[in-house]
Amino acid sequence: MRKRLKRLSLLLVFTLFAAMLAACSSGAGGSGSGVDVGIVLPTKDEPRWVQDEERFKAALDDSDYTTEILFSQGSSAKEKENVETLISKGIDVLIICPQDGDAAASAVEAAKKEGITVIAYDRLITNTDAVDYYVTFDSVAVGAAQGQYLIDQASGTDVPLYLYAGAATDNNAFLFFEGAWSTLQPKIADGTFKIANSSEAEALKDKAELTRDEMSKILGQVTTNWDPNEAKNKAQTNLTAVGADMKGDISILAPNDGTSRSIADVFASDGDISSYTVTGQDAEKASIQYVIDGKQSMTVFKDVRTLVTDAMGMAISILDGDTPETTGSYDNGAVEVKAKQTNVIVVDQENVQKELIDSEYYEASEFTGL
Ligand code: BGC
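First, a word on scope: everything that follows refers to the structure included in this document. Since we're looking at a predicted model, the values are computed, not measured.

Moving on, we come to the site of the ligand. Of all residues adjacent to the ligand, which total 13 residues, the nearest are Glu 46, Arg 48, Asp 122, Asp 170 and Asp 282. Take Arg 48: an N or O atom from its side chain is 2.8 Å from an oxygen atom of the ligand. Between an oxygen atom of the ligand and a side-chain N or O atom of Asn 172, the distance comes to 2.9 Å. Protein coverage of the free-state accessible area of the ligand, which is 310 Å², stands at 100%. Sorting the residues of the shell around the ligand by element identifies α2 (47-60) and α6 (171-189) as the ones contributing at least two each. Residues belonging to the shell around the ligand are distributed by class as follows: three nonpolar, three polar and seven charged. Each of two domains, domain 1 (29-131 + 304-342) and domain 2 (139-302 + 347-366), supplies a minimum of three residues to the shell around the ligand.

Okay, here's the thing in structure tokens:
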């Protein structure tokens, strides 16, 4: 009996020791096989986020810190799993672009509980106090630039205006729309444009600033959910529903490049559309080719190299025990999140060479007809 007890307690000591060793090797980053910075991106299915992955990899080439990038493939459940995986690898900083701003709260709360610093990347995580920092482009400026471009290209009055927006689960979709509305609304109110595809926007056309609820109503009608297929179907449905007065020379607010190309294809194939101006954003390669070919009018170039540098710079300050530099803050519904914001550049046929090729963002050989 005594012997058995002794053996049992030896086993217990050994098990405890092994558990302590395991905890150490997956513990705080910077040493051993742990990961210092975990990066979670929304999906590999959109070129925008593959761009971010590539730019992160390029920036991390000669970093002293270890990082790991995981994709959530459009699923908040997978996103949570990714965050848990990274927590178990001992990360100190989490850089995360949420699939769904509200749903990501529980994932970052889990990280926060472990003492991890959370940086929201490009998209804000909403209605939680578990976000420490936000690195982003000026998303309101993106929308304002899209709206201004349509105004600059439009001539005469009563120009049919087709509105499309991003996913309502993405806080950016509201910021883009807010920016676009700020420039377009006065021109809708004064009769330059007439709205072709949203009775909710039409009902609000005299209101300069919309509440989130009002924007939600419009988005409910014109969302693409960031999905090019959904955008295509919506554009087809819209064109089938309108009369001749909503065709001819028209303007289209398309929220990003992926949706812009598919919406443009639908409008281009309608014989009653004589010309269209269509916006975009992201400077995706396929859209740069569309711009060169005159099939997409513009894109808003968001230099992902800067965003990546800002996010990694912030992460490194935190790892080094310093306070990262910020330039302002965003209200996420629960707290004011300290933010670092980057400017954006409008690109069309006029400046595509200068902004994207001469700046070495892309190589000329990636395009034809430059
Ligand atoms: C990003 C855009 C992107 C869109 C769809 C937004 O949050 O800011 O760059 O096109 O999501 O993924």
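The structure having been displayed, the exposition proceeds.
Further remarks concern the sheet that holds strand β5 (residues 133-137). Pairing is mixed across the open sheet formed by seven strands, whose spatial order is β2-β1-β3-β4-β5-β12-β11. Every interior strand has two partners, whereas the edge strands, β2 (67-71) and β11 (328-331), have only one. Within this sheet the neighbouring strands show an average axis-to-axis angle of 25°, counted without direction. Sheet topology places strand β1 (residues 37-41) next to β2; five bridges connect them, and they run parallel. Among the inter-strand pairings, Leu 41 is bridged to a residue of β2, identified as Phe 71. With respect to the sheet, α2 is in contact with β1, β2, β3 (93-96), β4 (117-121) and β5, its orientation differing from that of β2 by roughly 170°.

Cut-offs applied
- Residues numbered from 1 in each chain as written.
- Predicted model: local features only at pLDDT ≥ 70, side-chain atom pairs only at ≥ 80, totals over all residues.
- Heavy atoms only, no water.
- Near = heavy atom within 4 Å.
- Polar contact = N/O pair within 3.5 Å; in protein donor to acceptor, adjacent residues only side chain to side chain.
- Areas by Shrake-Rupley, 256 points an atom, 1.4 Å probe, with all protein chains shown as cover.
- Helix = DSSP H or I, 4+ residues; strand = E, 2+ residues; numbered from the N terminus.
- Nonpolar A, V, L, I, M, F, W, Y, C, P; charged D, E, K, R; others polar.
- Domains from an automatic or database assignment.
- Pairing = 2+ DSSP bridges.
- Axes fitted to C-alpha atoms, helices over the stretch in contact; angles between N-to-C directions.
- Contact = heavy atoms within 4.5 Å.

All quantities given are derived from atomic positions and should not be read as evidence of function.
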